[in-house]
Amino acid sequence: MDSSRIIQIIMVLIIALAIILWSYRKLAWRVPVLGASTLDKTDKRIVWGLMLIYLVISGINLGLRTNFGMWHGDDPSDSLEIRFAGPTQISSVAYYYGLGSGSLNLTYYTSVGGTGNVPLTNNSALYKWTTVQLPDNPDVVGMKLTVNPPIELRHLALYDQAGHYLNNYTIIASDGSDVSGLMSQNPPSAVQNTSLSSMYFDEIYYGRTAWEYLHGISPYAWVHPPLGILIVGLGILLFGMNPFGWRIMPAISGILMIPVIYLFAKKIFNDRRIAIVSTVLMMTDFMHFSVCRMASIDSSSTLFVLLELMFFYDYARQRLAGNEANAFKALFFAGLFFGMGMSCKWDALFTIPLLLGLLIYVELIRRRPSLAAFIPALAKVALSMLIVPLAVYCLSYLPYFSHDPVSNFVKFIYNLQGYMVGYHTGLVGHATHPYASSWWGWPLLTKPLSVFFWQDNATNLASSIVLMGNPAIWWVGIPAFFAGVGVAVYKRDFRGIYLTLAILTLYLPWTVIGRLSFNYYFYVVTPLWILMISYVLWQISQIWPKESNRLIIGYLAICVFLFILFYPAISGLAVSRDYVVHYLLWFSPAWNF
């Protein structure tokens, strides 16, 4: 990224801040009377019910919990010997690699004294099943695996010509270590390399790096702040290095967004019905469902940004209503989640113009405090929005710092920020990708991102996972956004303008960021997109109470129907490939998953 691009980004942020301050000052937004800040018993029952439903939906086929063995080949002299009870016909060998850039070579010995060699290639296929065929289906009496280091083997599975799983052998390591975990008496599940058993898309970065943090290994992925990866690591710590383990915490983040968006909507609209609408829209969004079912940092980052914006909204309305204690309590939590959000991904920094503009408006323009009153307020603001976020951000690097010999913690963090900026503005900025898309096309769904695909040509069964929004939400959100802006300006409604500015501060920076980009970058905007749709529906319900019920029910029914229709393509469920081609690829070839 050259200097002109950096200047453009700074100018966009300055203009955004100026617009925010001008709009607050000149248009005199009407801040709503304080609504519900907490949930009553009925709300809690509704929220628990919706969370339970989404827990079941998102937890189905999340990933296998099988914990394989582990053997490290770190030296060329390391080897594994496989001894059979008698001559055994072997047709194929399936193997599951862990960490390592090396590979293994398989030498087999036949019953007639012959030998053969089959390389067990790596090709960066870590934490995935790979299958090789042995020529002529030989009768084998023994095998030997030699090492091109370093490589980590986690499991082996042998099959005969009929596809029957074989377990009539033992494995012996040259170093005498226990390698019984490399085989099992029963056939392992999903050896076809489905999403149930293997890493896909960015899991190879975040799942792997989370494992490395837990085992004192220098982390592989350093291009984002570490908190999101550490959260992924918590699931691995609890459930092991398996697909369920590296996906469970992102899934929990997605589930937690259900009560958060309900509470946020209740604070904004003080309307239980609209809070339910917002929550159902979140539950039926494709991107939310798919992102939160893989080892991703975007799920936790989006959760924290949503919490940050909810508490910051609460701060503004409490402060303007004169409830100073509650306002600064909300501001503290806004700052805490701001720090946690940017400790996962720098997207949270995009909210700074909104935070700064609203703080200036509330503390200076509206309140016009004396110097004696301003200084204590400034101290509280600095604590909540500067000291706390920076402290959280720095502390998130402690696990990484413990793996690095540099003694100066501040210098360590400073140097890493430079490396990260260099990566995002240099290497990635000039990269290409067939599924890359421009910022303007994200809500239009111009280029859904296929992150996993598997097909059995014999049966025509296929499994795919695509990152895209629910058309009934992302497309409807476009006119809803402009309608919401118009209503907010006309009525001078703080609720609508807050949602508008939150969307713009998270979205507009991508118009001038020149790096490779994908549609899931819009995911952090999605909860606000949904709340803006809810805002428009709420405004309609104020004008036509009875008619709006039918409109809302019909709209939610369409969202649910589309979620069910696209479920195989967003969940990895194996179905006939004809179903996807005939019913889901609406705009082929742009839609290709």
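Preceding block: the structure.
**As for the overall build of the protein chain**
Part 1 of the reasoning: A tally of regular secondary structure across the protein chain gives 18 helices and 13 strands.
Part 2 of the reasoning: The principal-axis extents of the C-alpha atoms in the protein chain amount to approximately 95 × 60 × 50 Å.
Part 3 of the reasoning: Within the protein chain, the proportion of its 593 residues that are buried is 55%.
Part 4 of the reasoning: Split by element, the accessible area of the protein chain, about 24800 Å² in all, is 64% carbon and sulfur.
Part 5 of the reasoning: The positive charge centre, built from 36 side chains, and the negative charge centre, built from 29, are 19 Å apart in the protein chain.

**What about the sheet that holds strand 4 (residues 103-110)?**
Part 1 of the reasoning: In space, the 5 strands of this open sheet follow the order 5-4-7-2-10, with antiparallel pairing throughout. If you trace the sheet from one side to the other, it starts and ends with strand 5 (115-120) and strand 10 (169-173), each paired once. Within the sheet, the average angular offset between the axes of one strand and its neighbour, ignoring direction, is 20°.
Part 2 of the reasoning: Pairing of strand 4 with strand 7 (residues 139-148) involves 8 bridges; the strand directions are antiparallel. By the bridge assignment, Ser 103 is partnered in strand 7 with Asn 148.

**Looking at the pattern of salt bridges**
Working definition: two side chains of opposite charge can pair if their charged atoms are close together.
Part 1 of the reasoning: Scanning the model with the defined rule gives 14 salt bridges in all.
Part 2 of the reasoning: Between Asp 43 and Lys 266 there is a salt bridge, and its shortest N-O distance comes to 2.4 Å. In this pair, Asp 43 is assigned in helix 2 (residues 41-59) and Lys 266 in helix 5 (residues 243-269), connecting sequence segments 223 residues apart.
Part 3 of the reasoning: Asp 43 gets classed as buried once you look at its relative accessible area, which sits at 0%.
Part 4 of the reasoning: Taking relative accessible area as the criterion, Lys 266 reaches 6% and is therefore assigned buried.
Part 5 of the reasoning: A salt bridge links Arg 319 to Glu 324; the shortest N-O distance between them is 3.7 Å.
Part 6 of the reasoning: By relative accessible area, Arg 319 is classed as buried at 5%.
Part 7 of the reasoning: Judged by relative accessible area, Glu 324 falls into the partly exposed class, the value being 36%.

**Topic: empty space enclosed by the protein**
Part 1 of the reasoning: Taken as a whole and assessed by the stated rule, the structure comprises 7 cavities of 30 Å³ or more.
Part 2 of the reasoning: Taken as a whole, the largest cavity encloses approximately 90 Å³ of empty space.
Part 3 of the reasoning: Along its surface, the largest cavity is lined by Leu 64, Thr 66, Phe 68, Tyr 96, Pro 188, Ser 189, Ser 197, Met 241, Asn 242 and Pro 243.
Part 4 of the reasoning: Of the residues contributing to the lining of the largest cavity, the split by class is 6 nonpolar, 4 polar and no charged.

**Considerations on helix 10 (residues 352-366)**
One full turn of an α-helix is made of 3.6 residues, so residues set three or four places apart face in the same direction.
Part 1 of the reasoning: When the terminal C-alpha atoms of helix 10 are compared, their 20 Å separation across 15 residues agrees well with the 21 Å that a helix rising 1.5 Å per residue should span.
Part 2 of the reasoning: Directly after helix 10, the chain includes Arg 368, whose backbone phi takes a positive value near 45°.

**Concerning the packing of aromatic side chains**
Part 1 of the reasoning: All chains considered together, the criterion is met by 59 aromatic pairs.
Part 2 of the reasoning: Between Phe 481 and Phe 482 the ring centres are 5.4 Å apart and the planes differ by 75°, which places this aromatic pair in the edge-to-face class.
Part 3 of the reasoning: On the basis of relative accessible area, Phe 481 is assigned to the buried category, the value being 10%.
Part 4 of the reasoning: Judged by centre distance (5.1 Å) and plane angle (70°), the rings of Tyr 507 and Phe 522 are edge-to-face. Residue Tyr 507 is found in helix 15 (residues 494-507), and its partner Phe 522 is found in the loop between helix 15 and helix 16 (526-543); the two are separated by 15 residues along the sequence. One exposure class covers both Tyr 507 and Phe 522, and it is buried.

**What about the nonpolar core?**
Part 1 of the reasoning: In terms of nonpolar packing, the biggest core is built from 195 residues, with Met 143, Leu 153, Phe 264 and Phe 593 touching the most fellow members.
Part 2 of the reasoning: Residue contributions to this core peak at 16 residues, all from helix 5.
Part 3 of the reasoning: Excluding residues that lie within four positions of it along the chain, Phe 264 makes contacts with Leu 306, Leu 309, Met 310, Tyr 313, Tyr 498, Leu 528 and Leu 531.

**Structural notes on the packing of helix 5 against helix 8 (residues 298-320)**
Part 1 of the reasoning: With their axes 9 Å apart at the nearest point, helix 5 and helix 8 run at an angle of 20° to one another. With respect to helix 8, the axis of helix 5 lies roughly parallel. Viewed along their axes, helix 5 and helix 8 form a crossing whose handedness is left-handed. Facing helix 5, whose interface residues are Pro 250, Ser 253, Leu 256, Met 257, Val 260, Ile 261, Leu 263, Phe 264, Lys 267 and Ile 268, helix 8 presents Ser 299, Ser 300, Thr 302, Leu 303, Leu 306, Leu 307, Leu 309, Met 310, Tyr 313, Asp 314 and Arg 317.

**Brief notes about a nonpolar patch on the surface**
Part 1 of the reasoning: Judged by side-chain polarity, Leu 52, Leu 55, Val 56 and Ile 60 come together as a nonpolar surface patch covering roughly 350 Å² of accessible area.
Part 2 of the reasoning: In this fold, Leu 55 is placed in helix 2.

**A short note on the sheet that holds strand 12 (residues 461-467)**
Sheet strands pair by backbone hydrogen bonding; their relative direction is either parallel or antiparallel.
Part 1 of the reasoning: Taken in spatial order, the 3 strands line up as 11-12-13 in an open sheet, and their pairing is antiparallel. Each edge of the open sheet carries a strand with a single partner, namely strand 11 (449-456) and strand 13 (575-576).
Part 2 of the reasoning: Helix 17 (residues 545-571) contacts strand 12 and strand 13 of the sheet and is inclined by roughly 95° relative to strand 12.

Cut-offs applied
Sequence order sets the numbering: in each chain, residues are counted from 1 along the sequence as written. Note on the predicted model: pLDDT of at least 70 is required for a residue's local features to be given, and 80 or more for side-chain atom pairs to be given and counted; whole-chain, interface and lining totals, by contrast, use all residues. With hydrogens and water set aside, each side-chain value is computed from the structure's full complement of heavy atoms. Put simply, DSSP H or I for four residues or longer makes a helix, DSSP E for two residues or longer makes a strand, and each gets a number counted from the N terminus. Here's how the labels work: a residue is buried when its accessible area is under 20% of the maximum for its type, exposed when over 50%, partly exposed in between, all with a 1.4 Å probe on protein chains only. All accessible-area figures derive from a Shrake-Rupley calculation using a 1.4 Å probe, and residue coverage is judged against the displayed protein chains alone. Under the convention used here, Asp and Glu are negative, Lys and Arg are positive, and both His and the chain ends fall outside the count. Working definition for charges: the position is that of NZ of Lys, CZ of Arg, CG of Asp or CD of Glu. Here, strands pair whenever DSSP counts at least two bridges between them. Angles run from 0 to 180 degrees between N-to-C directions of axes, and those axes are lines fitted to C-alpha atoms, restricted for helices to the stretch in contact. Think of a salt bridge as a Lys or Arg side-chain nitrogen and an Asp or Glu carboxyl oxygen that are within 4 Å of each other. Buried and open spaces are told apart on a 1 Å grid over the protein atoms alone, a cavity being a set of points where a 1.4 Å probe fits but cannot get out and a pocket being an open set with protein on both sides within 12 Å along at least five of seven lines. Residues with an atom within 4 Å of a point are the lining residues. Grid points are joined across faces, edges and corners, and a volume is the space filled by probe spheres set on the points. Amino acid classes used here: Ala, Val, Leu, Ile, Met, Phe, Trp, Tyr, Cys and Pro are nonpolar; Asp, Glu, Lys and Arg are charged; the rest, including Gly, are polar. Given a helix with a known number of residues, its expected span is that number minus one, times 1.5 Å. Aromatic contacts are taken between Phe, Tyr and Trp rings whose centres are within 6.5 Å, Trp giving its six-membered ring; a plane angle under 30 degrees counts as stacked, one over 60 as edge-to-face, and the others as tilted. Within this scheme, the nonpolar core is defined by two criteria: the residues are buried Ala, Val, Leu, Ile, Met, Phe, Trp, Tyr or Cys, and they are joined through side-chain atoms within 4.5 Å. Every residue pair with non-hydrogen atoms within 4.5 Å of one another is taken to be in contact. Should an angle fall under 35 degrees it is taken as roughly parallel, and over 145 as roughly antiparallel, whereas 65 to 115 is taken as roughly perpendicular and any remaining angle as oblique. A clockwise turn of the near helix away from the far one marks a right-handed crossing, whereas an anticlockwise turn of less than a right angle marks a left-handed crossing. To count toward a patch, a residue needs a relative accessible area over 30% and no salt bridge; like charges are then connected within 9 Å, while nonpolar side chains (Val, Leu, Ile, Met, Phe, Trp, Tyr) are connected within 5 Å.

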